Amino acid sequence: MKRYEWEALAQLLHQGYPFREAYEMLQGNQRLFHAMEQGKPLSECLIEGHREPFYEHLRFFLNITSLPNAILSALSIDDITKQLKSKLLKEMSYPMFLFLMSFLTLTMFTSFILPQLMQGFDMSSNGFLLHAVAVLKLFSHIVLWGIITCILLMLIMKKSLSVKLFVLHRLRFTRLPQQFCSYLLAAYYTEFLRHGISTRNAFSFLSQLDQASLLSICATQIEKQLNNGTTLNECLDSQIWLDANFIKHFHIGTHTQNMEAAFVQYQEFQEEAWKRLLKRIGKGIQIGSYGFVGSMVILVYQIMLIPLQLLETM
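Thresholds applied
- Residues numbered from 1 in each chain as written.
- Predicted model: local features only at pLDDT ≥ 70, side-chain atom pairs only at ≥ 80, totals over all residues.
- Heavy atoms only, no water.
- Helix = DSSP H or I, 4+ residues; strand = E, 2+ residues; numbered from the N terminus.
- Rg over C-alpha atoms; globule rule 2.2 N^0.38 Å.
- Buried < 20%, exposed > 50% of the residue type's maximum accessible area, 1.4 Å probe, protein only.
- Contact = heavy atoms within 4.5 Å.
- Areas by Shrake-Rupley, 256 points an atom, 1.4 Å probe, with all protein chains shown as cover.
- Lys, Arg positive; Asp, Glu negative; His and termini not counted.
- Charge placed at Lys NZ, Arg CZ, Asp CG, Glu CD.
- Phe/Tyr/Trp six-rings, centres within 6.5 Å; stacked < 30°, edge-to-face > 60°.
- Salt bridge = Lys/Arg side-chain N within 4 Å of Asp/Glu carboxyl O.
- Expected span 1.5 Å × (residues − 1).
- pLDDT = per-residue confidence, 0-100.
- Axes fitted to C-alpha atoms, helices over the stretch in contact; angles between N-to-C directions.
- Parallel < 35°, antiparallel > 145°, perpendicular 65-115°, else oblique.
- Left-handed = near helix turned anticlockwise from the far one by under 90°.
- Nonpolar A, V, L, I, M, F, W, Y, C, P; charged D, E, K, R; others polar.

Student: Give me the lowdown on the overall build of the protein, citing residues and values where you can.
Tutor: Tallying secondary structure elements over the protein gives 15 helices and zero strands in all. The globule rule puts the C-alpha radius of gyration for 314 residues at 20 Å, and the 28 Å found for the protein is more than 25% above it. Dimensions along the principal axes, computed over C-alpha positions, put the protein at roughly 95 × 50 × 30 Å. Relative to its full complement of 314 residues, the protein shows a buried share of 39%. Counting only contacts in the protein whose residues sit at least 6 apart along the sequence, the fraction spanning at least 24 positions is 59%. Surface summary for the protein: the accessible area is close to 18,400 Å², and the carbon and sulfur share equals 62%. Across the protein, the centroid of the 27 positively charged side chains sits 5 Å from that of the 24 negatively charged ones.

Student: A description of the packing of aromatic side chains should follow, citing residues and the corresponding values.
Tutor: Counted under the stated rule, the structure contains 12 aromatic pairs. Taking 6.0 Å as the distance between ring centres and 20° as the angle between the ring planes, the aromatic pair formed by Phe61 and Tyr188 counts as stacked. Remark: Tyr188 occurs in helix α9 (residues 176–194) and Phe61 occurs in helix α5 (residues 53–62); sequence separation between them is 127 residues. In terms of burial, Phe61 and Tyr188 fall into one category: buried.

Student: Run through the pattern of salt bridges, naming residues and quoting values.
Tutor: Considering all chains together, one arrives at two salt bridges under this definition. Between Lys82 and Asp78 there is a salt bridge, and its shortest N-O distance comes to 3.1 Å. Within this pair, Lys82 and its partner Asp78 are both found in helix α6 (residues 67–119), separated by four residues, close to a single helical turn. Its relative accessible area of 53% is what places Lys82 among the exposed residues.

Student: Pulling in residues and values, what's your account of helix α13 (residues 244–256)?
Tutor: Every α-helical turn comprises 3.6 residues, leaving residues that sit three or four positions apart pointing alike. For α13, spanning 13 residues, the distance from its first C-alpha to its last is 18 Å, which sits close to the expected 18 Å at 1.5 Å a residue. Those residues of α13 not exposed but buried are Asn245, Phe246, Ile247, His249, Phe250 and Gly253. On the buried face of α13, the contacting elements are α9, α12 (232–238) and α14 (259–304). Backbone geometry just after α13 places Gln257 at a positive phi near 60°.

Student: Help me get a handle on the environment of Met154, residues and values and all.
Tutor: By secondary structure assignment, the location of Met154 is in helix α7 (residues 127–159). With 10 residues separating them in the primary sequence, Met154 and Lys164 have C-alpha atoms 8.4 Å apart.

Student: Break down the confidence of the model for the protein for me, with residues and values.
Tutor: Here the protein averages 81 in pLDDT, and 91% of its residues register 70 or above. The weakest mean pLDDT in the protein belongs to helix α15 (residues 306–313) at 64; the strongest belongs to α13 at 91.

Student: Can you break down the packing of helix α10 (residues 199–206) against helix α11 (residues 214–227) residue by residue, with the values?
Tutor: Where α10 contacts α11, the axes come no closer than 8 Å and their chain directions differ by 140°. As summarised for this structure, α10 and α11 are arranged oblique, according to the angle between their axes. The crossing of α10 and α11 is left-handed. On α11, the residues touching Arg200, Phe203, Ser204 and Leu206 of α10 are Leu215, Ser216, Ala219, Ile222, Glu223, Leu226 and Asn227. Taken together, the residues of the contact of α10 with α11 sort by class into six nonpolar, three polar and two charged.

Student: Could you give an account of unusual backbone geometry, naming the residues involved and the relevant values?
Tutor: The residue Arg175 is not glycine, and still its phi comes out positive at about 65°. Counting through the fold element by element, Arg175 comes out in the loop between α8 (161–170) and α9. The phi angle at Gln257 is positive, at roughly 60°, despite the residue not being glycine. Residue classification places Gln257 among the exposed positions, given a relative accessible area of 73%.

Below, the structure is given as structure tokens:
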């Protein structure tokens, strides 16, 4: 089903329509009803055969609220993650395109064009140019292998939880794992507040998420501490996967008795912080890309001057 169909289904259910009638108005597929007639729960029938994030969110919220509310909550969380990815992609698309083009140009230049230009000239007296070409070629290879390593590492992280945790621990100095985990926790917690879910139950539900997710690991650790009698404030303060700004907003929400507003404010604050970070990274990539292109232009210019220098010495 498409997004608008899920929204329409939730509205029809809120209006009191029976599920079968509401579903048939939107979908003519009878597969779901056949599965239900075989004794499968409705929640399992809706999610069966789907691996998209929305269905994972739907499975999660079906454990704590009614079907129409679960649909709307799942759509809300799905929107948050999709909008975040869209904003990140929008901020980084041009710098990454510029970097990719300059990298490909650098690779082609150092591997094919420069060697052909240098074949017809005696370069023994131009040691600086030889070293400059070697440095550019080495740099292009380092970047290429760096990209390949990052891709392979991400694939391994999807398969191995231990490798994922090892890498995330090494990245904690950037505070990005803590910020991303806190951002998702704020989004989920906001939905819990709207449904009147208690704090203990909230972390219990979050611990049932995909066990490979950082948020699930964080929630499991907090749930264990709460069961051992540790206060929530102490749990949050000792949690290594939560951002300090999230904890600050949590305390503000506790004192003002308006947790939902505090969490929404934190999400907005974090989005702005990520935008500023991406802009700085984008500027750095652009400067590096322009530097690559500039270096290549200078090298080509210097190599093209070699025939004139040879004519002067004749």
